[in-house]
Amino acid sequence: REVERRATHSAHLIEQLLTLARAESGDDSLPVTDVDLAHVAQQVIERRLPDAIARRIDLGFESDGKVCVIVANDVLVGELLGNLVDNGLRYGRDGGHVTVVLESDEGGVTLAVSDDGAGLPIEQREQVFRRFWRSDAASTEGAGLGLAIVKEIAERYRGTVAIVSRPDVDGTRVEVRFTTVAAANAAASSKGERTA
């Protein structure tokens, strides 16, 4: 069992390192296309359901129902969201809730994952994006690469990442903000430009 556990951990670490390398490379050969974030969210949630069930966590999805499409590589966006959901399941409480949320407005879309675990101290909210950084209080296995990967992928597609504080409420909410195709087209139109 110990050999199997360590092999699984090593395979996960290698996968994370490869994802990080792909995300940070200036390689323009990674295909980009219109990516429907709701579709990506549904795929990621389906893949993570067995882990959620094992920890008795209610893994859900909330959306305002609007079409949220960005121009990106669908595999990398799936990795981004997969890392956020994995963190929620890892650091949320057993029997708790992890929710993927899509919220859109005229400027773009916010893709967020929230959990109701112990939360993250304010002084650690920037450190968690450093590679291989792990809190002294972390009791679960991990390499400390998940949020570094999220940040690298988000920035590759001109997105931003923030950890949002919720006063007097346990848990963590990580938000990734993207400009949607519709918002980019609207901005271009207002300047008299055309987008491809």
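Residues numbered from 1 in each chain as written. Predicted model: local features only at pLDDT ≥ 70, side-chain atom pairs only at ≥ 80, totals over all residues. Heavy atoms only, no water.

### Remarks on the overall build of the protein chain
The helix and strand tally for the protein chain stands at five helices and seven strands. Each helix and strand of the protein chain, ordered N terminal to C terminal, gives the series α-β-α-β-β-α-β-β-α-β-β-α. For the protein chain, buried positions account for 42% of its 196 residues. Taking contacts inside the protein chain between residues at least 6 apart in sequence as the whole, the part at least 24 apart equals 71%. For the protein chain, the exposed surface amounts to about 11200 Å²; the carbon and sulfur share of it is 50%. (Helix = DSSP H or I, 4+ residues; strand = E, 2+ residues; numbered from the N terminus. Buried < 20%, exposed > 50% of the residue type's maximum accessible area, 1.4 Å probe, protein only. Contact = heavy atoms within 4.5 Å. Areas by Shrake-Rupley, 256 points an atom, 1.4 Å probe, with all protein chains shown as cover.)

### Details of the pairing of strand β5 (residues 108-115)
Of all eight residues in β5, eight are buried, a share of seventy percent or more. Note that strand β4 (residues 97-105) and β5 share eight bridges and pair antiparallel. Residue pairing across strands places S104 opposite V109, the latter belonging to β5. The hairpin formed by β4 and β5 contains two residues between the paired strands. (Pairing = 2+ DSSP bridges.)

### Notes on the nonpolar core
Membership of the largest hydrophobic core comes to 42 residues, with the highest contact counts inside it found for L80 and L81. For this core, the elements supplying multiple residues, two or more each, are α2 (37-54), β3 (69-72), α3 (74-91), β4, β5, α4 (146-156), β6 (160-164) and β7 (173-178). For L81, the contacting residues outside a window of four places in its chain are V40, A41, V44, V100, L111 and V113. (Core = buried A, V, L, I, M, F, W, Y, C linked by side-chain atoms within 4.5 Å.)

### Thoughts on the environment of V77
Mapped onto the elements of the fold, V77 is located in helix α3. V77 sits in the buried class, given a relative accessible area of 1%. Residues V77 and A41, spaced 36 residues apart in sequence, show a C-alpha to C-alpha distance of 9.5 Å. Ignoring anything within four residues of it in the chain, the contact list for V77 reads V35, L37, V40, I70, A72 and I153.

### Quick word on α2
With 18 residues, α2 should cover 26 Å at 1.5 Å per step; its first-to-last C-alpha distance of 26 Å lies within 8% of that length. When the local axis directions of α2 are compared, the greatest deviation, roughly 50 degrees, occurs at R48, which is followed within four positions by the proline P50. Within α2, the full set of buried residues consists of L37, A38, V40, A41, V44, I45, R48 and A52. Looking at where α2 begins, the residue whose side-chain oxygen comes 3.0 Å from the main-chain nitrogen of A38 is D36. Of the residues flanking the end of α2, it is R56, one or two places downstream, whose phi is positive at about 55 degrees. (Expected span 1.5 Å × (residues − 1). Bend = angle between axes of the 7 residues up to and from the residue. Polar contact = N/O pair within 3.5 Å; in protein donor to acceptor, adjacent residues only side chain to side chain.)

### Remarks on the sheet that holds β6
The strand order across the open sheet formed by five strands is β2-β4-β5-β7-β6, and the pairing between neighbours is mixed. Strands with a single pairing partner mark the edges of an open sheet, and in this sheet they are β2 (58-63) and β6. Neighbour-to-neighbour, the strand axes of the sheet open up by a mean angle of 15 degrees, direction not taken into account. In the sheet, β2 pairs with β4 via six bridges, with the strands oriented parallel. Considered in β4, the bridge of F61 is made with V100. Packed on one face of the sheet, α3 meets β2, β4, β5 and β7 and runs near 25 degrees to β5. (Axes fitted to C-alpha atoms, helices over the stretch in contact; angles between N-to-C directions.)

### Considerations on the environment of F61
When you line up the elements, F61 lands in strand β2. Take F61: its relative accessible area is 30%, and that puts it in the partly exposed class. Between the alpha carbons of F61 and V113 there is a distance of 9.2 Å; along the sequence they are 52 residues apart. Discounting residues that sit within four places of it in the chain, F61 has contacts with A38, A41, Q42, I45, V100 and L102.

### Some remarks on the confidence of the model for the protein chain
Across the protein chain, the average pLDDT comes to 81, with 71% of residues at 70 or higher. Per-element confidence in the protein chain ranges from a low mean pLDDT of 62 for helix α1 (residues 2-24) to a high of 96 for β2. (pLDDT = per-residue confidence, 0-100.)

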